[in-house]
Amino acid sequence: MDYETILTETRGRVLLITLNRPKALNAINRQLTAEVIDAATRADADPEIGCIVLTGSARAFAAGADIKEMQAATYAEMYGGDRFADWERFTAVRTPIVAAVAGYALGGGCELAMMCDFILAADTAVFGQPEIKLGVMPGIGGSQRLTRFVGKSKAMEMCLTGRNMDAAEAERSGLVSRVVPADQLLDEAMKAAETIAAMSLPIAMMTKEAVNRAYETTLTEGVRFERRVFHAMFATRDQKEGMAAFVEKRPARFTHE
Ligand code: HXC
């Protein structure tokens, strides 16, 4: 597939996806949605890719769903086409995905960042769910994921008033894993991604699945799920290699099997 709204680049075992609609501050239209999902699901099917980095520009990760594209839509079109349901294919990707966010991550942009596995933020990052100012509300998981990330009070305030938060507040409230100087964002994201991609891919996928379980089930069920997956890891070669390497005091050479 030839992409027009994103750039993709494979760096070793990492796929870098850069949102690229600069004139619209990377607003998420249907084409960009299809292209991001296509690139991510292809990478997921490729054992040579161990991590994906999703980023935007210095000015905007993404300023939201494309308002101009949505403006005239009818209820029948939104409901009939189940608009935004395709993003479930993105959240089903098993390969770890790091969001590297600089500038605006608003509305659907904030939601897209939250659909990744963790968010690294530049000190210029601005997060918000301003949809209420447009007469709508978050539509790709923002009302649910933001609440799980930052708690009810802050999520409610942001969704009801449309107030943005800066990078420092986002880190303080647990929305992002770390804040780094803007000029180091991509390097830091690539470093984290290369570290992940050097691990065993099946083990990283199982780890992602286990952490995500914490959002979807009770503590008792989640701990049981974790234990069963932990047991299953002993069927992999990489568990044998990782532990042998430790005992033999040498770096592990994972073969992703
Ligand atoms: C379409 C957008 C856009 C968007 C910006 N642009 N955001 N186009 N959809 N979400 C376009 C502008 O129209 C403009 O193009 C160009 O990008 C530059 O934007 P400016 O507004 O001129 O830039 P600036 O003054 O720097 O302001 C930046 C901004 C502002 C604060 C980010 O653009 C803004 O408030 N954008 C909308 C943010 C928002 O409401 N997001 C939520 C969208 S709803 P032209 O050609 O006009 O100059 C949403 C729903 C989610 O996300 C639910 C399901 C997905």
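Worth saying up front: this structure is predicted, and the values here are computed from it rather than measured. (Residues numbered from 1 in each chain as written. Predicted model: local features only at pLDDT ≥ 70, side-chain atom pairs only at ≥ 80, totals over all residues. Heavy atoms only, no water.)

Draft legend 1. Spotlight on the packing of aromatic side chains. Under the definition given, this model contains four aromatic pairs. Measuring from centroid to centroid gives 6.5 Å for Phe149 and Tyr215, while their planes differ by 50°, and the two rings are tilted. Residue Phe149 is found in helix α6 (residues 142–150), and its partner Tyr215 is found in helix α10 (residues 201–216); the two are separated by 66 residues along the sequence. A relative accessible area of 23% means that Phe149 is categorised as partly exposed. The class for Tyr215 is partly exposed, based on a relative accessible area of 37%. Where Phe230 meets Phe234, the ring centres are 5.5 Å apart and the plane angle is 55°; that geometry is what we call tilted. The partly exposed category is assigned to Phe234, whose relative accessible area is 38%. The lysine or arginine in question, Arg213, covers the ring of Phe225, its NZ or CZ lying 4.0 Å from the ring centre. (Phe/Tyr/Trp six-rings, centres within 6.5 Å; stacked < 30°, edge-to-face > 60°. Helix = DSSP H or I, 4+ residues; strand = E, 2+ residues; numbered from the N terminus. Buried < 20%, exposed > 50% of the residue type's maximum accessible area, 1.4 Å probe, protein only. Lys NZ or Arg CZ within 6 Å of the ring centre and 35° of its normal.)

Draft legend 2. Layout of the pairing of strand β1 (residues 6–11). By the bridge criterion, six bridges tie β1 to strand β2 (residues 14–19) in an arrangement that is antiparallel. Note on β2: the bridge partner recorded for Glu9 is Leu16. With antiparallel pairing between neighbouring strands as the criterion, β1 and β2 make up a hairpin whose turn holds two residues, including Gly12 at a positive phi of roughly 60°. (Pairing = 2+ DSSP bridges.)

Draft legend 3. Summary view of the domain arrangement of the protein chain. Segmenting the protein chain into domains produces domain 1 (6–198) and domain 2 (201–248). Placing the centre of domain 1 and that of domain 2 at their C-alpha centroids yields a distance of 26 Å. The interface is formed by 13 residues belonging to domain 1 together with six residues belonging to domain 2. Between domain 1 and domain 2 lies a buried interface of about 770 Å² when both sides are counted; carbon and sulfur atoms form 57% of it. Broken down residue by residue, the surface that domain 1 buries against domain 2 is led by Arg94, Asp117 and Arg148, which jointly contribute 51%. Put simply, domain 1 and domain 2 have one salt bridge between them. We note a salt bridge from Lys208 to Asp117, for which the minimum N-O separation is 2.8 Å. The interface formed by domain 1 and domain 2 includes four residue pairs in polar contact (both at pLDDT 80 or more). Each residue belonging to the side of domain 1 that touches domain 2 can be placed in one class, and the counts come to six nonpolar, two polar and five charged. (Domains from an automatic or database assignment. Contact = heavy atoms within 4.5 Å. Buried area = accessible area lost by both parts, 1.4 Å probe. Salt bridge = Lys/Arg side-chain N within 4 Å of Asp/Glu carboxyl O. Polar contact = N/O pair within 3.5 Å; in protein donor to acceptor, adjacent residues only side chain to side chain. Nonpolar A, V, L, I, M, F, W, Y, C, P; charged D, E, K, R; others polar.)

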